[in-house]
Amino acid sequence: QPYSRSLLSKSQKRKRQQHLKSLEQQRKDQRAKESYEDGYADMFPSLNKPQPFWKKTLRKAKNVLVKKKVSTPGTLILVRHGESTWNKNKTFTGWADPDLSDMGLREVEHAARLLLEGGYEID
């Protein structure tokens, strides 16, 4: 049997190349859609752009040479309010903001003194 193989014409080759390009573009579009489906890509367009090599290199060098000031996190202090006039009368307050009773004012002042003696700096 003689050796034979099928050869594509120029138009067939061109069509095949176009088809392969369109498939590759579809794959790229699908990958882009999957990677940005959380919606952040539209909110931060600068994150989507690839950065040039020199910019990445300069950023790394800057991070090594320049020490950033490290700030320590603050302290969250929760203090319950003192006794109010409505608490004293056993009245349900709901969302109201009644005044503190004399006992409530003393409780708040005592809590403030304890915090200051404990070394807390209030902003």
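Residues numbered from 1 in each chain as written. Predicted model: local features only at pLDDT ≥ 70, side-chain atom pairs only at ≥ 80, totals over all residues. Heavy atoms only, no water.

**Some words on the overall build of the protein**
Helices and strands together make up the secondary structure of the protein, namely five helices and zero strands. Excluding contacts between residues fewer than 6 apart, the proportion of contacts in the protein whose partners are at least 24 apart in sequence is 26%. (Helix = DSSP H or I, 4+ residues; strand = E, 2+ residues; numbered from the N terminus. Contact = heavy atoms within 4.5 Å.)

**Observations regarding the pattern of salt bridges**
Scanning the entire structure with this criterion turns up one salt bridge. Salt-bridge contacts for Arg27 lead to Glu24; the nearest nitrogen and oxygen are separated by 3.3 Å. With a gap of three residues between them, Arg27 and Glu24 both fall in helix α1 (residues 10-35), about one helical turn apart. (Salt bridge = Lys/Arg side-chain N within 4 Å of Asp/Glu carboxyl O.)

**Things to note about the confidence of the model for the protein**
Chain-level pLDDT for the protein is 79 on average; 82% of the residues reach the 70-or-more range. Here helix α2 (residues 40-43) stands out as the least confident element of the protein, with mean pLDDT 61; helix α5 (residues 102-117) is the most confident, with 91. (pLDDT = per-residue confidence, 0-100.)

**Digging into the side chain of Ser84**
Checked against the element boundaries, Ser84 lands in the loop between α3 (53-65) and α4 (85-88). At a separation of 2.9 Å, a polar atom in the side chain of Ser84 contacts the side chain of Asn87. Contact partners of Ser84, with chain neighbours within four places excluded, come to Pro98, Asp99, Leu100 and Ser101. (Polar contact = N/O pair within 3.5 Å; in protein donor to acceptor, adjacent residues only side chain to side chain.)

**Considering a nonpolar patch on the surface**
On the surface, Ile77, Val79, Leu116, Tyr120 and Ile122 cluster together into a nonpolar patch covering about 480 Å² of accessible area. Within the fold, Tyr120 resides in the segment after α5. (Patch = residues over 30% accessible without salt bridge, like charges linked within 9 Å, V, L, I, M, F, W, Y side chains within 5 Å. Areas by Shrake-Rupley, 256 points an atom, 1.4 Å probe, with all protein chains shown as cover.)

**Let's talk about α3**
In this model, α3 (13 residues) spans 19 Å end to end at C-alpha, consistent with the 18 Å of a helix rising 1.5 Å per residue. Counted residue by residue, α3 has zero buried out of 13 residues, so it is predominantly exposed. (Expected span 1.5 Å × (residues − 1). Buried < 20%, exposed > 50% of the residue type's maximum accessible area, 1.4 Å probe, protein only.)

**A closer look at α5**
Spanning 16 residues, α5 covers 23 Å between terminal C-alpha atoms, matching the ideal 22 Å at 1.5 Å per step. In the stretch just after α5, Gly119 is the one whose phi turns positive, near 90°.

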